[in-house]
Structures are given as C-alpha cells and as structure tokens.
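Read off the chains here:
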Amino acid sequence: MRKPFIAGNWKMNKTPAEAREMVENLKELVTDVEGVDMAVCPPAVDLDAVQEVLADSEISRGAQNMHWESSGAFTGEISAAMLQELGVEYVILGHSERREIFKETDQEVNRKVQKALKENLKPIICVGETLEERENGKTREKVSFQVKAALAGVDSSPLTDVTIAYEPLWAIGTGESASAGDAAETIAAIREVIAEIAPGKEEEIRVQYGGSVKPHNIAEFMAEDQIDGALVGGASLEAESFAGVIKKCQKEEQNH
Ligand code: 13P
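Anyway, here's the lowdown on the structure attached to this text.

Cut-offs used in this document
Residues numbered from 1 in each chain as written. Predicted model: local features only at pLDDT ≥ 70, side-chain atom pairs only at ≥ 80, totals over all residues. Heavy atoms only, no water. Pairing = 2+ DSSP bridges. Helix = DSSP H or I, 4+ residues; strand = E, 2+ residues; numbered from the N terminus. Axes fitted to C-alpha atoms, helices over the stretch in contact; angles between N-to-C directions. Contact = heavy atoms within 4.5 Å. Phe/Tyr/Trp six-rings, centres within 6.5 Å; stacked < 30°, edge-to-face > 60°. Lys NZ or Arg CZ within 6 Å of the ring centre and 35° of its normal. Patch = residues over 30% accessible without salt bridge, like charges linked within 9 Å, V, L, I, M, F, W, Y side chains within 5 Å. Areas by Shrake-Rupley, 256 points an atom, 1.4 Å probe, with all protein chains shown as cover. Salt bridge = Lys/Arg side-chain N within 4 Å of Asp/Glu carboxyl O. Lys, Arg positive; Asp, Glu negative; His and termini not counted. Charge placed at Lys NZ, Arg CZ, Asp CG, Glu CD. Polar contact = N/O pair within 3.5 Å; in protein donor to acceptor, adjacent residues only side chain to side chain. Buried < 20%, exposed > 50% of the residue type's maximum accessible area, 1.4 Å probe, protein only. Right-handed = clockwise from strand over helix to strand, strands pointing away. Near = heavy atom within 4 Å. Expected span 1.5 Å × (residues − 1). Core = buried A, V, L, I, M, F, W, Y, C linked by side-chain atoms within 4.5 Å. Arc of directions from axis to C-beta.

1. Focus: the sheet that holds strand S3 (residues 59-63)
Strands in a sheet are paired, the pairing made by backbone hydrogen bonds, and the direction either parallel or antiparallel. Pairing is parallel around the closed barrel formed by eight strands, whose spatial order is S1-S2-S3-S4-S5-S6-S7-S8. With direction set aside, neighbouring strand axes in the sheet form an average angle of 25°. The pairing of strand S2 (residues 37-41) with S3 spans three bridges and is classified as parallel. In the strand pairing of S3, Ala39 is matched with Ser60. The strands that helix H7 (residues 139-151) touches are strand S5 (122-127) and strand S6 (163-166); relative to S5, the one it contacts most, it runs at about 150°.

And the structure:
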C-alpha cells in the first residue's frame, strides 16, 4: 500500500520571515497527523529558516528546482549538495512553469532527475498536458512521452524514490481542477509507462495529482486508488488550508 504524500509548492512566494511564520503555524496544526507524508517546497532562500523550524518535525522539505552539475560556472543555479546541507529531502523537477516560462527541456529534466537520485534527493517529476493537447486527445501521449523522457537511463532500483506529479496545465492556478476520474485515468496510463520501463515499479511509485487542489476537493482525488496524494500550489501558502488538505487526505485514508 502506497502511503499518501502531500507536498506544497510555494512557487515564488514568501520571504524567509514569512516562511518561518507559516511553518511554525503548520507544525502546530499537523502534530496529530498520521499515515501521510508531508512536505513543503519553499523558495531556496527560505530553506534555512524553514529547516530551523521543522528540523524535529514530521514535515519534510523540498526544493523547487536544482541544477544537474555538482558545481561550477552556472550563475543563479543551485546544486544538490547545497540543498542537502539544508535538510532537503525532495526536489520538484520539470514543473510546467519551468518548462513553459524558462524553456526547460525534457533532456534537462532527465539530467536533473539522474543527478538528484545520485545525490539521494527524491525527485517529484511534474508532467501534464496543455488545454490544446487535451482537446486534441493527446493527453496520454504527452504525459507518456514526458515520463519516459524524464526517466530515461535511470536504474530501476532508485525509482522507488521517485514521485510523479500529474499536473494538467489548464488546471494550475485556475480553480478548475481535473475530475478525479479523469486524473485517475491519466495516472493509470502513467503507471503503464512505468511498467514498461521497470516492471513491478508501477505499484511502488507514488503518483500525485496537482492543479487547483483545495481542502474541499482533495477527498475526491484521494478516493481514487490510482492517486497517492497531491502537489498543492495556492492552497499550500496558508497553514490552515494546507493543513486542511493534509487532514482530509488522512481521513480518506482511514476510511479505506
Ligand atoms: P495550484 O494548486 O495553485 O493550482 O498549483 C498547482 C501546482 O502547480 C503545484 O505544483
């Protein structure tokens, strides 16, 4: 049985002081939570402050990006070792905003995934179709391609540390989420791709849904066996709403 995993992607929000305040509140609100893996993924400059507050808590930390080289002349980039020293366990890779706005390619995502796994960071690999692709019936093709490309050349054994986040682009920040059934269908297709690459791993790898997940709709997603949690944007910025998502997820799990 895969353990549900809820991660909050803060994107470019919160200063270190704001981040500290948020996680101090969050920590209090989720003290009794059991059976759910939790992570916050703040901007890199907040990681130190967040680590100080959460070092002894059940809430893990994730980064939002990372470079594939260990060090060197890469102005503005951040290495795996830098993240690890700040207590980071997860790293979001290939988020659609990085792919669309910063023109990150599938090949770059793949290099980052390989580097993260080599350095014992757990990648959260984001995949998803645009509205146009969806309307043209290309959803399955697009996400299958992205998953294959991201995992190319990756050994089967560390794959257990990989999380895939299925985030349809049209559902991100729009308030319009995919239906739980549609998300589950696409996630089933993602598991078929994983089964091709690494037979058996399709039952181990966690696949989250992301795109306008809120406390009021998380239970619908968690009711689907295919869906192992969520990558939450807007609703992860306030301690109350993020804790609300986490707790609903826990309840649904207990009801199973
Ligand atoms: P929203 O939850 O704000 O739609 O963002 C989703 C997302 O992009 C998480 O990575």
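From this point, things continue past the structure.
2. Side note on the packing of aromatic side chains
Enumeration according to the criterion identifies three aromatic pairs in this entry. Directly above the aromatic system of Trp10 lies the positively charged group of Lys14, at a separation of 5.7 Å from the ring centroid.

3. As for a negative patch on the surface
Taken together, the side chains of Glu18, Glu21, Glu24 and Glu28 define an acidic patch exposed on the protein surface. Note on placement: Glu18 falls in helix H1 (residues 16-29).

4. A look at the side chain of Ser241
By the secondary structure assignment, Ser241 is in helix H10 (residues 239-255). At 2.8 Å, the side chain of Ser241 forms a polar contact with the backbone oxygen of Ala235. Setting aside its immediate chain neighbours within four residues, Ser241 contacts Pro215 and Ala235.

5. A short note on the pairing of strand S7 (residues 206-210)
Across the five residues that make up S7, a large majority, five, are buried. The pairing of S6 with S7 spans four bridges and is parallel. Pairing of Tyr166 across the sheet is with Tyr209, part of S7. Handedness of the crossover joining S6 and S7 through helix H8 (residues 180-197): right-handed. Taken together, the two bridges between S7 and strand S8 (residues 229-232) define a ladder with parallel strand orientation. Paired with Gly210 across the strands is Leu231, a residue of S8.

6. A look at the site of the ligand
As a matter of local geometry, the ligand sits amid Asn9, Lys11, His95, Glu167, Ala171, Ile172, Gly173, Gly211, Ser212, Leu231, Gly233 and Gly234. Within the contact set of the ligand, an oxygen atom lies 2.8 Å away from a side-chain nitrogen or oxygen of Lys11. In this structure, an oxygen atom belonging to the ligand sits 2.9 Å away from a side-chain N or O atom of His95. In isolation the ligand has 310 Å² of accessible area, and contact with the protein removes 96% of it.

7. A short note on H8
The terminal C-alpha atoms of H8 lie 26 Å apart, and with 18 residues this matches the ideal 26 Å at 1.5 Å per residue to within 8%. If you check which residues of H8 are buried, you get Ala180, Ala183, Ala184, Thr186, Ile187, Ala189, Ile190, Arg191, Val193 and Ile194.

8. Some remarks on the nonpolar core
In this structure, Ile6, Leu26, Val40, Ile164, Ile190 and Tyr209 are the most contacted members of the largest nonpolar core, which totals 68 residues. The element best represented in this core is H8, accounting for seven residues. If we skip the residues at most four places from it in the chain, Tyr209 touches Tyr166, Pro168, Ala171, Ser177, Ala178, Ala183, Phe221, Ile227, Gly229, Ala230 and Leu231. Grouped together as the second largest cluster of nonpolar side chains are 10 residues, Phe5, Cys126, Ala165 and Leu231 included.

9. Let's talk about unusual backbone geometry
Although it is not a glycine, Asn120 adopts a positive phi angle of roughly 60°. Tracing the sequence through the fold places Asn120 in the loop between helix H5 (106-118) and S5. According to the relative accessible area criterion, Asn120 is exposed, its value standing at 63%. The backbone of Ser212 shows a phi angle near 60°, a positive value even though the residue is not glycine. Checked against the element boundaries, Ser212 lands in the loop between S7 and helix H9 (218-222).

10. A look at H1
A rise of 1.5 Å per residue sets the reference length of H1, with its 14 residues, at 20 Å; its end C-alpha atoms lie 20 Å apart and thus fit the reference within 8%. Regarding H1, the residues found buried are Ala19, Met22, Val23 and Leu26. Down the axis of H1, the smallest arc covering the buried residues is 95°, so these residues share one side. More than 90 degrees from the buried face of H1, the exposed residues found are Ala17, Glu21 and Glu28.

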